[in-house]
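Examination of the molecular architecture
Spelled out from the first residue to the last, the chains are:
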Amino acid sequence: MAKKGEFTVTPWEVSGNVDYDLLIKDFGSQRIDEPLRQRIKKLAGGELHYMLRRDLFFSHRDLPWVLDEYEKGNKFSLYTGRGPSEHTHIGHLVPWFFTKWLQDKFNVPLLFQFTDDEKYLFKDKLTRKDTLEFSKENMLDVLAVGFDPKKTRMIVDTKEIATLYPHALDVAKKVTFSTAKAVFGFTNDTNIGSIFFTSIQSVPAFLPTIEKGKPVPVLIPCAIDQDPHFRVTRDVAPRLGYPKPAMLHCRFVPALLGPQSKMSASDPVNTIFTTDAPEEAAKKVMRAFTGGRATVAEQREKGGNPDICSVCQYLNFLFEPDDKKLKERFEDYRNGKILDGENKAYLAEKVKAFLKEHQRKREQARPLVEKLFEEK
Ligand code: TRP
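Residues numbered from 1 in each chain as written. Predicted model: local features only at pLDDT ≥ 70, side-chain atom pairs only at ≥ 80, totals over all residues. Heavy atoms only, no water.

**Some points on the overall build of the protein chain**
Along the backbone of the protein chain there are 17 helices and 12 strands. Taken along its principal axes, the extent of the C-alpha atoms in the protein chain is 65 × 45 × 45 Å. Buried residues in the protein chain amount to 54% of all 376 residues. Pairs at least 24 residues apart make up 77% of the contacts formed inside the protein chain by residues separated by at least 6 positions. (Helix = DSSP H or I, 4+ residues; strand = E, 2+ residues; numbered from the N terminus. Buried < 20%, exposed > 50% of the residue type's maximum accessible area, 1.4 Å probe, protein only. Contact = heavy atoms within 4.5 Å.)

Next up, the structure:
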């Protein structure tokens, strides 16, 4: 549990001003350094995703091992997931876009888990029907990202529990209550389903090995708040005869209100959802917190601060993949050449165009998702 007074990062709560260096130290993960970036670039065919170039994916566990195995011809499997909620916000797309890039560049399979059980257990107000329905809606967003359907398998926990359960039992038998308390901060008031849950999230990290009958490296790209689950997974792996899954961690996309908060589905004015009408999303952008000054004159003279500007940070995380353009814009913003109104309008246009296209792909995926839910 990382509760540092200034900020909190757990799988169920992220708040405050996250100090990522401190988090790496606290969690015990490794920085992605330049030699490692160069190695990924080479193996990916000479190109590096902007999220790696910009240090948005900034931390890892055992990535060199996955790359060693890949070089020996032992391909890895990808695993990521989603705790379904009513709407997907665009911050959630960050690790998914990156995962798609990995899938494409390395030509590897992906397991995508929808933890409707988790959401039901951890959110008082939600019913099982709600969280199952959310899984379906969220799956549209996942498919809209464009994963290769032939190489992507989606698991909705309550629908495929028979696949997961025997292996979850193996995990659960190796995890004590005191470990769960130490890792997640559970108390005597925590429902017992929540205490068990991490066993379920562990299983897809082992499924490729179980199903192939030989050790398959698994790489998990995710936001760093999921790391506690996988520390447990990695801890039990050798005791069950499985390789430890490797991890790639990304930072949180700041909310429109500024760098102190990550975007959260429970904060609708402050968050852009993938299902927002493009015009409505554009209005949210126009109300965003910026790194600007109190008056135009002051901003022209002293400039703004892109590091704390949510508009600049959206461009950084999602909407300006061109490094040169981003750098120029940040410079112009810093020296007062670009003002907030113009910057917001620039982002708003990009957000609108993106949402239109994403929503089209989302609807295109609907028949497939309906079919998947009927079959399972
Ligand atoms: N617990 C995750 C969430 O709340 C969902 C999830 C399941 C996940 N398996 C994962 C996320 C693997 C990243 C990687 O969003």
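**So, the sheet that holds strand S5 (residues 57–61)**
The strand order S4-S5-S10-S9-S6-S7-S8 describes an open sheet built from seven strands, whose pairing is mixed. With partners counted over all chains shown, the strands left at the sheet margins are strand S4 (30–31) and strand S8 (152–156), one partner each. Bridge count between strand S6 (residues 77–82) and strand S9 (residues 218–223): two bridges; the pairing is parallel. Bridged to Leu78 within S9 is Leu219. Strands in contact with helix H1 (residues 20–27) are S4 and S5; relative to S5, the strand with the most contacts, it is inclined by about 5°. (Pairing = 2+ DSSP bridges. Axes fitted to C-alpha atoms, helices over the stretch in contact; angles between N-to-C directions.)

**Considerations on the pattern of salt bridges**
For the coordinates displayed, the defined rule picks out 35 salt bridges. In this structure, Asp323 and Arg53 form a salt bridge, with 2.6 Å as the shortest nitrogen-oxygen distance. Of the two residues, Asp323 is situated in helix H16 (residues 323–334) and Arg53 in helix H3 (residues 50–53); the sequence distance between them amounts to 270 residues. Residue Asp323 is classed as partly exposed on the basis of its relative accessible area of 31%. Among the ionic pairs, Arg234 bridges to Asp62, the shortest N-O distance being 3.0 Å. You can see Arg234 sitting in helix H12 (residues 227–240) and its partner Asp62 sitting in the loop between S5 and helix H4 (63–71), a full 172 residues away along the chain. In this structure Asp62 comes out as partly exposed when scored by relative accessible area, which is 30%. (Salt bridge = Lys/Arg side-chain N within 4 Å of Asp/Glu carboxyl O.)

**Looking at the pairing of strand S3 (residues 13–16)**
Across four bridges, strand S2 (residues 7–10) lies against S3 in antiparallel orientation. For Phe7, the partnering residue across the bridge sits in S3 and is Gly16. Hairpin connection of S2 to S3: two residues between the antiparallel strands.

**What about the domain arrangement of the protein chain?**
The assigned domain composition of the protein chain is domain 1 (2–250) and domain 2 (268–374). On the side of domain 2, 28 residues touch domain 1, which itself brings 24 residues to the contact. For the domain 1 and domain 2 pair, buried surface summed over both sides reaches about 2,400 Å², with 67% attributable to carbon and sulfur atoms. Taking the shortest distance from any N to any O, the salt bridge between Glu370 and Lys136 comes out at 3.4 Å. Scanning the region where domain 1 abuts domain 2 turns up 17 residue pairs in polar contact (both at pLDDT 80 or more). Here the element with the most residues in the side of domain 1 that touches domain 2 is helix H7 (residues 128–144); it accounts for nine residues. (Domains from an automatic or database assignment. Buried area = accessible area lost by both parts, 1.4 Å probe. Polar contact = N/O pair within 3.5 Å; in protein donor to acceptor, adjacent residues only side chain to side chain.)

**A word on the site of the ligand**
In the vicinity of the ligand there are 13 residues, among which Tyr79, Gly83, Glu118, Gln201 and Gln226 approach most closely. A distance of 3.0 Å separates a nitrogen atom of the ligand from a polar atom in the side chain of Gln113. Within the side chain of Gln226, one N or O atom sits 2.9 Å away from a nitrogen atom of the ligand. Protein chains shield 91% of the accessible area of the ligand, which is 360 Å² for the free molecule. Looking at the shell around the ligand, the elements with two or more residues in it are S6 and S9. The element that contributes the greatest number of residues to the shell around the ligand is S6, accounting for four residues. Counted by class, the shell around the ligand contains four nonpolar, seven polar and two charged residues. (Near = heavy atom within 4 Å. Areas by Shrake-Rupley, 256 points an atom, 1.4 Å probe, with all protein chains shown as cover. Nonpolar A, V, L, I, M, F, W, Y, C, P; charged D, E, K, R; others polar.)

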